[in-house]
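Letter by letter, the chains look like this.
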Amino acid sequence: MAKRHSNEHYIVAIDIGSSKIVVLFAEEGAGGRLEIFGQAQGRSAGVRRGQIVDIEATSMAVRAVAEKAYLSCNTNIGGATVNISDPNLRVFNLTTNTHMDNSGRVKEADVKRVIKTAESVKIAKAERHISSVTQHYILDKDPHTGQGVVVRQPIGEEAEMLEVNMHIVVASEQGVKNIESSIELNDIKVLHVVPSSMASSEPYLTQDQKDDGVCLVDIGSGVMDLSVFKNGSIVHSEVIQRGAESVTSDIADAFNTTFEEAERLKLKYGQAQITLPGEDKLIEFQQVNDINDYYLSHQSLIKVIELAYLDLFKLIRNRLNNGKYYRSLKEGFVLVGGGVKIENCDKLMSGLFKKKVRIGHVNTGLIRVNTNSVSSNDDLLAPEYACALGLLLFENDEHGLKERQSVNKAGFIKKLKLKF
């Protein structure tokens, strides 16, 4: 059994997906970088298209993975950050302002007051506020021209009027309760519930991409999570209730095979585009309730996969067009999630959208795997672990509650000093 982990200050992420559950342990290492020292994953249960529909089944699945995670590092889970992919997720951007007192300088109380005003927006009884992200502050905005001084950390600045722009996220109350129940039935405290779309963006996007306009797309098995950034901040989050499972279903329908056989064909032979026209081969497979062997053309399989992915990508473009975000994506798209493991899916999307499309690569300056502690045949920094990695990197938004002269940011662990 692994030796008891000596550092009591660590964080845990639990990523509950439609097909798998991932648990990661991390601590702050040299230079403030997070180091993963424990992990486990297993089959999900009770989850359909990102939503928990059977709390008991999901709870048992979480327990099984949590026990494996404990064995990987002999460390208990007292509390964890957990994701949510809620189709009822509602996001909106708010602007509120407040007058300063007679001193003329912005104080912490002023910032808290303007944030409280923004967060007091009325939401339905069936909803819960789960996240507030400060985009920026504006000092002394001119009511006629709309011009003012834009700052990230306003405390200490001179101003008579302070305005805040915020990204507010609310989810269904029942959806959040289902997540909390599934986790807390295992005596694990839910510290934060984070939209999967926001979590997945943390390890993969650069500040330059966020400044110029970029959309991160996390293609999971049951859902796709979108997060759009402009001018350095998140401006849109959304869940689309279709994912890589729909590609598998199209293969099963096309060749009259089971879902499991279609998944095997997709993972072993799948491509999103035919790279060398004219070259083809026959692939052996089995049809439903038939013991005979059948053969299909490799190119015909690729064509089914291509059309299925095009359907997914068109859904994404339609949603972004509806919100008038598509044209602002100067840096295009970054793709993560298990659904991007299909070869050439980035090229297919780029050809359709005529924009930059990249498969996400983790910023290893933020997070790494401690290979001395973790033994795994899986690449834990691969795109399919985007959400779990992002949950580890999630920070409570400080809303600019620091003096403007302060440039050294405290590490994530110092904010979450939890003794398990």
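Quick summary incoming for the structure in this document. (Residues numbered from 1 in each chain as written. Predicted model: local features only at pLDDT ≥ 70, side-chain atom pairs only at ≥ 80, totals over all residues. Heavy atoms only, no water.)

## Considerations on the overall build of the protein chain
Okay, step 1: Counting secondary structure elements, the protein chain contains eleven helices and 19 strands.
Okay, step 2: Radius of gyration (C-alpha) of the protein chain: 23 Å, near the 22 Å computed for a compact globule of 420 residues.
Okay, step 3: Its C-alpha atoms put the protein chain at 85 × 55 × 40 Å along the principal axes.
Okay, step 4: When burial is assessed residue by residue, the protein chain has 52% of its 420 residues classed as buried.
Okay, step 5: For the protein chain, the proportion of contacts with a sequence separation of at least 24, taken over those separated by at least 6, is 69%.
Okay, step 6: For the protein chain, the accessible surface area stands at approximately 19,900 Å², while carbon and sulfur atoms represent 46% of it.
Okay, step 7: Across the protein chain, 50 positive and 54 negative side-chain charges occur, with their mean positions spaced 3 Å apart. (Helix = DSSP H or I, 4+ residues; strand = E, 2+ residues; numbered from the N terminus. Rg over C-alpha atoms; globule rule 2.2 N^0.38 Å. Buried < 20%, exposed > 50% of the residue type's maximum accessible area, 1.4 Å probe, protein only. Contact = heavy atoms within 4.5 Å. Areas by Shrake-Rupley, 256 points an atom, 1.4 Å probe, with all protein chains shown as cover. Lys, Arg positive; Asp, Glu negative; His and termini not counted. Charge placed at Lys NZ, Arg CZ, Asp CG, Glu CD.)

## A few points about the sheet that holds strand 14 (residues 233-240)
Okay, step 1: If you trace the five strands from one edge of the open sheet to the other, you get 14-13-12-17-18, paired in mixed fashion. At either margin of the open sheet sits one strand with a lone partner, and together these are strand 14 and strand 18 (357-359). Ignoring which end each strand starts from, the neighbouring axes of this sheet average 20 degrees apart.
Okay, step 2: Here strand 12 (residues 214-219) runs beside strand 13 (residues 224-230); their pairing, made up of six bridges, is antiparallel. Bridge pairing links Ile-219 to Met-224 in strand 13. (Pairing = 2+ DSSP bridges. Axes fitted to C-alpha atoms, helices over the stretch in contact; angles between N-to-C directions.)

## Here's the deal with the packing of helix 6 (residues 244-255) against helix 7 (residues 259-269)
Okay, step 1: Where helix 6 meets helix 7, the axes come as close as 8 Å, and the angle between the chain directions of the two elements is 105 degrees. It follows from the interaxial angle that helix 6 and helix 7 lie roughly perpendicular. Here helix 6 contributes Ala-244, Glu-245, Val-247, Thr-248, Ser-249, Ile-251 and Ala-252 to the contact with helix 7, which in turn contributes Phe-259, Ala-262, Glu-263, Leu-265 and Lys-266.
Okay, step 2: Residue composition of the contact of helix 6 with helix 7, grouped by class: seven nonpolar, two polar and three charged. (Parallel < 35°, antiparallel > 145°, perpendicular 65-115°, else oblique. Nonpolar A, V, L, I, M, F, W, Y, C, P; charged D, E, K, R; others polar.)

## Focus: the packing of aromatic side chains
Okay, step 1: All chains considered together, the criterion is met by ten aromatic pairs.
Okay, step 2: Both rings, one in Phe-285 and one in Tyr-294, keep their centres 6.4 Å apart while their planes meet at 50 degrees; by these two values the pair is tilted.
Okay, step 3: Plain terms: the ring middles of Phe-313 and Phe-353 are 6.5 Å apart, the flat faces sit at 65 degrees to each other, and that makes the pair edge-to-face. One end of the pair, Phe-313, is in helix 8 (residues 298-322); the other, Phe-353, is in helix 9 (residues 345-353), with 40 residues separating them in the sequence. (Phe/Tyr/Trp six-rings, centres within 6.5 Å; stacked < 30°, edge-to-face > 60°.)

## Notes on the pairing of strand 3 (residues 34-43)
Okay, step 1: Most of strand 3 is tucked away, with eight of its ten residues classed as buried.
Okay, step 2: Of the strand pairs in this sheet, strand 2 (residues 20-28) and strand 3 are connected by nine bridges, and their pairing is antiparallel. Directly across from Ile-21, in strand 3, lies its bridge partner Gly-42.
Okay, step 3: Hairpin connection between strand 2 and strand 3: a loop of five residues separates the two successive antiparallel strands, and Gly-31 in this loop has a positive phi of roughly 70 degrees.
Okay, step 4: Where strand 3 and strand 19 (residues 367-369) come together, three bridges link them in parallel fashion.

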